[in-house]
Amino acid sequence: MGLARNALLWISENRKLRQALPKYKFIRRAVSRFMPGEELVDALRAAEQLKPQSISAVFTHLGENVTDEGEAKRDADDYIDALRQIRQRGLDTHVSVKLTHLGLDLNEKACVDNLVAIVSEAKAVGNMVWIDMEQSHYVDRTLDIYKRVRKEYPNVGLCLQAYLYRTEKDLDGLLPYSPAIRFVKGAYKEPHSVAFKRKSDVDANFFKLTTTLMQHVSAGSKLVVGTHDTKLIQAIQDKAAQIGASKKGYEFHLLYGIHVSEQLRLAREGFSVRVLISYGSFWFPWYVRRLAERPANIWFVMRKMFSS
Ligand SMILES: Cc1cc2nc3c(=O)[nH]c(=O)nc-3n(C[C@H](O)[C@H](O)[C@H](O)COP(=O)(O)OP(=O)(O)OC[C@H]3O[C@@H](n4cnc5c(N)ncnc54)[C@H](O)[C@@H]3O)c2cc1C
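Residues numbered from 1 in each chain as written. Predicted model: local features only at pLDDT ≥ 70, side-chain atom pairs only at ≥ 80, totals over all residues. Heavy atoms only, no water.

Asks: Break down the environment of Val-260 for me, citing the residues and quoting the values.
Replies: Mapped onto the elements, Val-260 comes out in helix α11 (residues 260–268). Using a relative accessible area of 40% as the deciding quantity, one classes Val-260 as partly exposed. Note: C-alpha distance between Val-260 and His-228 (32 residues apart in sequence) is 9.4 Å. (Helix = DSSP H or I, 4+ residues; strand = E, 2+ residues; numbered from the N terminus. Buried < 20%, exposed > 50% of the residue type's maximum accessible area, 1.4 Å probe, protein only.)

Set out below in structure tokens:
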């Protein structure tokens with residue numbers, strides 16, 4: 001399984017394969033399991049369908065490592081348009097962005113300008129923007145940008161990855177900002193020198209980080225638990241109940257199409273749940289990371305290959 005995960009993560013970062021493989025119809029058919037469609041309107045429709053189940057959404061317009069500043073600006077404008085359409089439809093839907101989609105690899109100042117444009121539009125329409133966490137070599141710059149923007153905008157949150165050794169210390173450094181943090185396990189190929197390899201170590205760190213932030217929610221921090229791991233979810237719920245945290249005092253975020261029964265259970269039991277819905281044409285690396293999370297998903301792709 002470790003080998004399959006590593007091979008898939010290598011594919012997700014290979015520029016040639018990123019261009020060639022999405023052309024195959026069976027791969028395009030298989031991706032529909034994880035995203036409702038490539039257009040914003042597909043994501044809006046999916047969010048509307050979740051609403052009656054008391055499930056909110058987070059939209060992400062897929063894209064990363066853009067190589068052109070004009071493209072980064074257009075992508076920021078697309079997010080601004082999405083925020084307006086979310087407002088018009090009366091949806092409770094946040095957005096989540098990647099800094100390399102907004103031009104971090106090209107020009108940090110332009111990237112921050114793009115981010116601020118999105119966050120300030122979100123503030124004007126009473127919405128929230130999450131910053132994804134990418135590979136470990138982006139962590140320092142992402143934290144720095146988050147701290148700068150958070151000083152002025154309370155409606156910006158950040159993703160932290162439990163697989164990194166450094167995250168505990170990073171969380172300490174963020175606490176003075178009363179941060180909004182979405183914890184996830186981490187989706188990239190990282191070396192031993194920076195990341196836990198054993199699932200049990202990642203899970204233990206995830207639990208430790210979430211319970212640390214839980215103690216700061218009453219002081220203005222916001223906690224989001226971003227996982228499909230039902231055991232971990234249960235352990236975090238138990239801990240929250242033990243310290244008297246209310247069910248609405250923190251949120252669960254899960255990905256569209258994954259563990260739908262758990263999404264529904266959480267919402268039914270009165271917890272705040274959001275489903276992250278992706279859209280856009282640059283889905284390949286993101287999709288292969290979803291396969292790497294559960295290499296058994298490859299059988300699903302194979303079935304699509306042989307079905308008409
Ligand atoms: C809302 C949200 C935002 C995220 N943002 C980021 C980010 O910014 N940066 C980042 O590095 N990572 C991000 N991730 C991905 C994350 O790091 C993990 O790779 C991913 O969530 C899988 O880990 P898990 O916590 O579900 O636990 P796991 O232990 O991997 O999975 C638990 C169970 O969930 C199910 N499952 C998990 N993944 C899949 C899948 N792809 N297909 C089918 N079943 C699956 C399986 O039943 C599995 O046994 C995000 C995840 C979520 C939910």
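Asks: Before we move on, can you summarise the nonpolar core with the specific residues and values?
Replies: The biggest cluster of nonpolar side chains holds 99 residues, and the ones touching the most others in it are Phe-59 and Ile-118. Apart from the residues lying within four places of it in its own chain, the contact partners of Ile-118 are Ala-76, Tyr-79, Ile-80, Leu-83, Val-95, Val-97, Leu-102 and Val-129. (Core = buried A, V, L, I, M, F, W, Y, C linked by side-chain atoms within 4.5 Å. Contact = heavy atoms within 4.5 Å.)

Asks: Describe the pairing of strand β4 (residues 156–161), with residues and values.
Replies: Summarising burial for β4: six of the six residues are buried, a large majority. Because side chains alternate across β4, one face comprises the buried residues Val-156, Leu-158 and Leu-160, and the other comprises Gly-157, Cys-159 and Gln-161, equally buried. Pairing between strand β3 (residues 129–131) and β4: three bridges, direction parallel. In the strand pairing of β4, Val-129 is matched with Val-156. Where the polypeptide runs from β3 across helix α7 (residues 139–152) and back to β4, its parallel neighbour, the crossover connection is right-handed. Judged from the four bridges that link them, β4 and strand β5 (residues 180–184) form a sheet pairing that is parallel. Of the residues in β5, the one forming a bridge with Gln-161 is Val-184. In this view, the connection linking β4 to its parallel neighbour β5 by way of helix α8 (residues 167–174) has right-handed handedness. (Pairing = 2+ DSSP bridges. Right-handed = clockwise from strand over helix to strand, strands pointing away.)

Function cannot be inferred from these measures alone, as they are strictly geometric.
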